[in-house]
Amino acid sequence: MRPKHPNKDIEAALKYAEENDWRYQSSGKSSHAWGKMLYPEKSREGCRLSVWSTPKSPVNHARQIIKKVDQCIHEAENDEEPSSNKEDD
Ligand SMILES: [Zn+2]
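The text that follows walks through the structure, step by step, so that each part is easy to find. (Residues numbered from 1 in each chain as written. Predicted model: local features only at pLDDT ≥ 70, side-chain atom pairs only at ≥ 80, totals over all residues. Heavy atoms only, no water.)

Attention now moves to the sheet that holds strand β1 (residues 23-25). If you walk across this open sheet you meet the 3 strands as β1-β2-β3, and the pairing is antiparallel. In this open sheet, the two strands that pair with only one neighbour each are β1 and β3 (48-52). Taking each pair of neighbouring strands and ignoring which way they run, the sheet shows an average axis angle of 30°. In this fold helix α1 (residues 8-19) packs onto β2 (33-38) and β3, with an angle of close to 25° to the strand it touches most, β2. (Pairing = 2+ DSSP bridges. Helix = DSSP H or I, 4+ residues; strand = E, 2+ residues; numbered from the N terminus. Axes fitted to C-alpha atoms, helices over the stretch in contact; angles between N-to-C directions. Contact = heavy atoms within 4.5 Å.)

Shown next, in the form of C-alpha cells:
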C-alpha cells in the first residue's frame, strides 16, 4: 500500500493512476521526490513518472500525472495478448 500524498490534488491524481493499474514505488532516501508511479509492463519497459512531495504548483503537477496516465498505451496493447494473469489474491 502506498503512503497517502499530503496534497489533495496530487492524491486524487494518484488514485486515478491506480485505477488505471499504475503502482507506487518508493523513490528511496537519495531522492527529493515523494515517490514514483509505474505502469508495470511485461515485455517492454513500462511507463513511469516521478511524483514530487511539494511542487510549486500542485494542481499543475496533478494534471501532468493524469496526462501521463492517459497517454499510456500499454493497456490497449496488452488486450491483444491471451490473458494468463490470474492472481489468487
Ligand atoms: Zn505505458
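What follows picks up the thread again.
Inspection of the entire model under this criterion finds 3 salt bridges. Where K8 meets D9, a salt bridge forms, and the shortest distance between an N and an O atom there is 3.8 Å. Via salt bridges that share partners, R2, E11 and E18 belong to a single interconnected network. (Salt bridge = Lys/Arg side-chain N within 4 Å of Asp/Glu carboxyl O.)

Next up on the list: the nonpolar core. The tendency in soluble globular proteins is for nonpolar side chains to be buried as a group. Formed by 15 residues in total, the largest nonpolar core has its most connected members in I10, L14, W22, M37, L49, V51 and I65. Broken down by secondary-structure element, the contributors of at least two residues to this core are α1, β2, β3 and α2 (58-71). Among the elements that make up this core, the one with the highest residue count is α1 (4 residues). Excluding residues that lie within four positions of it along the chain, L14 makes contacts with R2, H5, W34, M37, V51 and I65. (Core = buried A, V, L, I, M, F, W, Y, C linked by side-chain atoms within 4.5 Å. Buried < 20%, exposed > 50% of the residue type's maximum accessible area, 1.4 Å probe, protein only.)

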